[in-house]
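Here's the letter readout for the chains.
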Amino acid sequence: MVFCMIQDLTTGDSKKVLARYTIPMFVSVAFQQIYNIADSMIAGKFAGEEALAAVGASYPITMIFMAVAVGSNIGCSVVISQLFGAKEYRKLKTAVSTTLLTGFLLSAILTLIGLFTTPAMMRMIRTPDNIYADGALYLRIYIGGFIFLFLYNVVTGMFNSLGDSKTPLYFLIGSSIGNIVLDLLFVAVFHWGVAGVAWATFIAQGAACVLALFAFRGRIAQVQTDGKAVLFSFDVLGKIAFVAVPSILQQSFISIGNIFVQSLVNSYGSEVIAGYSAAVKLNTFFITGLTTLGNGISGFTAQNLGAKKPERIREGYKAGIGMALGVTFPFFLAFCLLSRGMMLLFMEDAGGAAMAAGVMFLRIVSPFYFVISIKLISDGVLRGTEAMNYFMVSTFTDLILRVILAYIFSAWFASDGIWMSWPAGWCVGTLLSARFCRKVIKRESHL
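Now for a look at the structure at hand.

Criteria and cut-off values
- Residues numbered from 1 in each chain as written.
- Predicted model: local features only at pLDDT ≥ 70, side-chain atom pairs only at ≥ 80, totals over all residues.
- Heavy atoms only, no water.
- Helix = DSSP H or I, 4+ residues; strand = E, 2+ residues; numbered from the N terminus.
- Buried < 20%, exposed > 50% of the residue type's maximum accessible area, 1.4 Å probe, protein only.
- Contact = heavy atoms within 4.5 Å.
- Areas by Shrake-Rupley, 256 points an atom, 1.4 Å probe, with all protein chains shown as cover.
- Lys, Arg positive; Asp, Glu negative; His and termini not counted.
- Charge placed at Lys NZ, Arg CZ, Asp CG, Glu CD.
- Patch = residues over 30% accessible without salt bridge, like charges linked within 9 Å, V, L, I, M, F, W, Y side chains within 5 Å.
- Salt bridge = Lys/Arg side-chain N within 4 Å of Asp/Glu carboxyl O.
- Core = buried A, V, L, I, M, F, W, Y, C linked by side-chain atoms within 4.5 Å.
- Phe/Tyr/Trp six-rings, centres within 6.5 Å; stacked < 30°, edge-to-face > 60°.
- Expected span 1.5 Å × (residues − 1).
- Polar contact = N/O pair within 3.5 Å; in protein donor to acceptor, adjacent residues only side chain to side chain.
- Axes fitted to C-alpha atoms, helices over the stretch in contact; angles between N-to-C directions.
- Parallel < 35°, antiparallel > 145°, perpendicular 65-115°, else oblique.
- Nonpolar A, V, L, I, M, F, W, Y, C, P; charged D, E, K, R; others polar.
- Left-handed = near helix turned anticlockwise from the far one by under 90°.

We now examine the overall build of the protein chain. Secondary structure summary: the protein chain contains 16 helices and 0 strands in total. Across the 447 residues of the protein chain, 60% fall into the buried class. Intrachain contacts of the protein chain at a sequence separation of at least 6 include 84% that bridge at least 24 residues. Of the roughly 17200 Å² of accessible surface on the protein chain, a fraction of 70% belongs to carbon and sulfur atoms. Of the side-chain charges in the protein chain, 32 are positive and 22 negative, and the distance between the mean point of each set is 11 Å.

Looking at where Thr156 falls in the secondary structure, it is placed in helix H6 (residues 146–161). Residues Thr156 and Leu213, 57 residues apart in the sequence, show an inter-C-alpha distance of 9.3 Å. Setting aside anything within four residues of it in sequence, one finds Thr156 in contact with Asn73 and Pro168.

A few words on a nonpolar patch on the surface. Taken together, the side chains of Leu185, Val189, Phe190, Trp192 and Trp199 make up a nonpolar region of the molecular surface, amounting to roughly 470 Å² of accessible area. Tracing the chain through its elements places Val189 in helix H7 (residues 166–189). Taking relative accessible area as the criterion, Val189 reaches 51% and is therefore assigned exposed.

This part takes up the nonpolar core. In this structure, Phe335, Phe361, Trp419 and Trp422 are the most contacted members of the largest nonpolar core, which totals 78 residues. For Phe361, the residues in contact, after removing those within four places along its chain, are Tyr276, Ala279, Val280, Asn283, Trp419 and Trp422. By size, the runner-up hydrophobic cluster in this structure holds 59 residues, among which are Ile61, Val243, Ala387 and Phe391.

The subject of this paragraph is the packing of aromatic side chains. Under the definition given, this model contains 25 aromatic pairs. Aromatic side chains Trp199 and Phe202 sit 5.2 Å apart centroid to centroid with 65 degrees between the ring planes, which places their arrangement in the edge-to-face category. With Trp199 and Phe202 both in helix H8 (residues 194–220), this residue pair falls 3 residues apart, about one helical turn. Among the residues examined, Trp199 registers a relative accessible area of 36% and is labelled partly exposed.

When their charged atoms lie close together, side chains carrying opposite charge are able to pair. One pass over the structure, following the stated rule, counts 6 salt bridges. One salt bridge in this structure joins Asp129 and Arg123, with 3.2 Å as the shortest N-O distance. Taking the relative accessible area as the measure of exposure, Asp129 reaches 63% and is therefore exposed. Given the relative accessible area of 46%, Arg123 is considered partly exposed. We note a salt bridge from Lys239 to Asp235, for which the minimum N-O separation is 3.8 Å. Note that Lys239 and Asp235 are positioned in helix H9 (residues 234–266) at a spacing of 4 residues, about one turn of the helix. Residue Lys239 is classed as partly exposed on the basis of its relative accessible area, which comes to 42%.

Attention shifts here to helix H10 (residues 270–306). For H10, which comprises 37 residues, the first-to-last C-alpha distance of 51 Å matches the rise-based estimate of 54 Å (1.5 Å per residue) to within 8%. For H10, the buried fraction is high: 33 of the 37 residues fall into the buried class. At the C-terminal side of H10, Lys308 shows a positive phi close to 60 degrees.

Right, let's talk about the side chain of Ser378 for a bit. Here Ser378 lies in helix H14 (residues 369–384). Within the structure, the side chain of Ser378 is placed 2.8 Å from the side chain of Tyr317, a separation counted as a polar contact. For Ser378, the residues in contact, after removing those within four places along its chain, are Tyr317, Ser433, Ala434 and Cys437.

It is worth spelling out the packing of H10 against helix H16 (residues 415–445) at this point. One way to put it is that H10 packs onto H16 with a least axis distance of 14 Å and a crossing angle of 0 degrees. Taken as axis vectors, H10 and H16 run roughly parallel relative to one another. Taking contact as the criterion, the partners of Val272, Tyr276, Asn283, Ile287 and Leu305 in H10 are, on H16, Ser415, Trp419, Trp422, Trp426 and Glu444. Of the residues belonging to the contact of H10 with H16, the class tally is 7 nonpolar, 2 polar and 1 charged.

Attention now moves to the packing of H6 against H8. Two elements in contact, H6 and H8, have axes separated by 8 Å at closest approach and are oriented at 35 degrees. Pair H6 / H8 crosses with left-handed handedness. In contact with Phe148, Leu149, Leu151, Tyr152, Val155, Met158 and Phe159 of H6, H8 contributes Phe202, Gln205, Gly206, Ala208, Cys209, Ala212, Leu213, Ala215, Phe216 and Arg219. A per-class count over the contact of H6 with H8 returns 14 nonpolar, 2 polar and 1 charged.

For the rest of this paragraph, the subject is the environment of Tyr152. Take Tyr152: it is sitting in helix H6. Sequence separation of Tyr152 and Gly163 is 11 residues, and the distance between their C-alpha atoms is 17 Å. Once residues within four sequence positions are removed from consideration, Tyr152 is found in contact with Ser28, Pro168, Phe171, Leu172, Ala208, Cys209 and Ala212.

Printed below as a string of structure tokens:
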């Protein structure tokens, strides 16, 4: 049975199939990160360094909410991919409706909690008084649009699980362009400052979410079943939660760790906050892109696991590593060798403390992108095979080590010591993930 735009990842040359599947996913998240970066660029250029710091100060808190969305994306994607690979279409439709109903309720609850706790969260990370009001305003508006962010991520995961990674790309391109246009209109023309940046993101994400939901409704209608699917199933929810909850916890603990790091960064004042805010946005561009390639590996692995084709999992892993290293090289060149030019995208003062902090972050961290790229691809296989214990061990080891070392190193090297903790955590986490991945692939090959 062939469905328009739906791709079976269990047949054909593994390298070509994986490339066709993951490249649109990578480009899609690149556009998503472009408009996140545009928020900071436009805030810094048209509203000033304090506005840039205000947007950046709440960043680790926004990432906690993003963690829930991304983790849910991974959970539904893995389960639906397995059902699609096994051609269990009735259960697939039940998984889709179960995910959407649960996701709507969960995102609504988290939105209410976030709106009520915004002041406490901003104080918790020791936000300086001169940027507190703008930072809290940005966070409230961001959380107000969380339901759009959440549902869009879930629908994207479901598109990807059916092998369709192109449709989400089209929505992201439109949303990114719209967000940048609104950023310029609200900040450069209307002079709304930080509020303009936040409302531009709110509107762009809302439009992308609504359009994606309507498009997916038409896509899933193409999938023919031999009977009516059940609307909601606790059994299916349990299977999704088995993958989603560890993924959410992993993403959340990373965000919580980043909150500790942000609190440490905030103690050095708004100039270092501004430099870190700009540099970490660039760093997140790379990490999120590679994480998306890892998610593509998860979908590829899950479909072939469902189809009982373990040899393709090994092929996909090797191809994924090659793709990841190829993607990493230009980011390393840009962030390490051209770090000052990259930072000038966000600020005017080439000789200030903010510039110095951001440049040092990029120069310390970017050489180790080749290391973390291997971990993120290995993590994709671990998630796709539902080896969540291994996945959590390697990720939490990386996180805990990074946070502890940030405090230790900062006592010796000030803010530069914080940046040094990234490579240390990445190296240990990568060794664990790669070892676990080889073990899981070997296990599946002998079943």
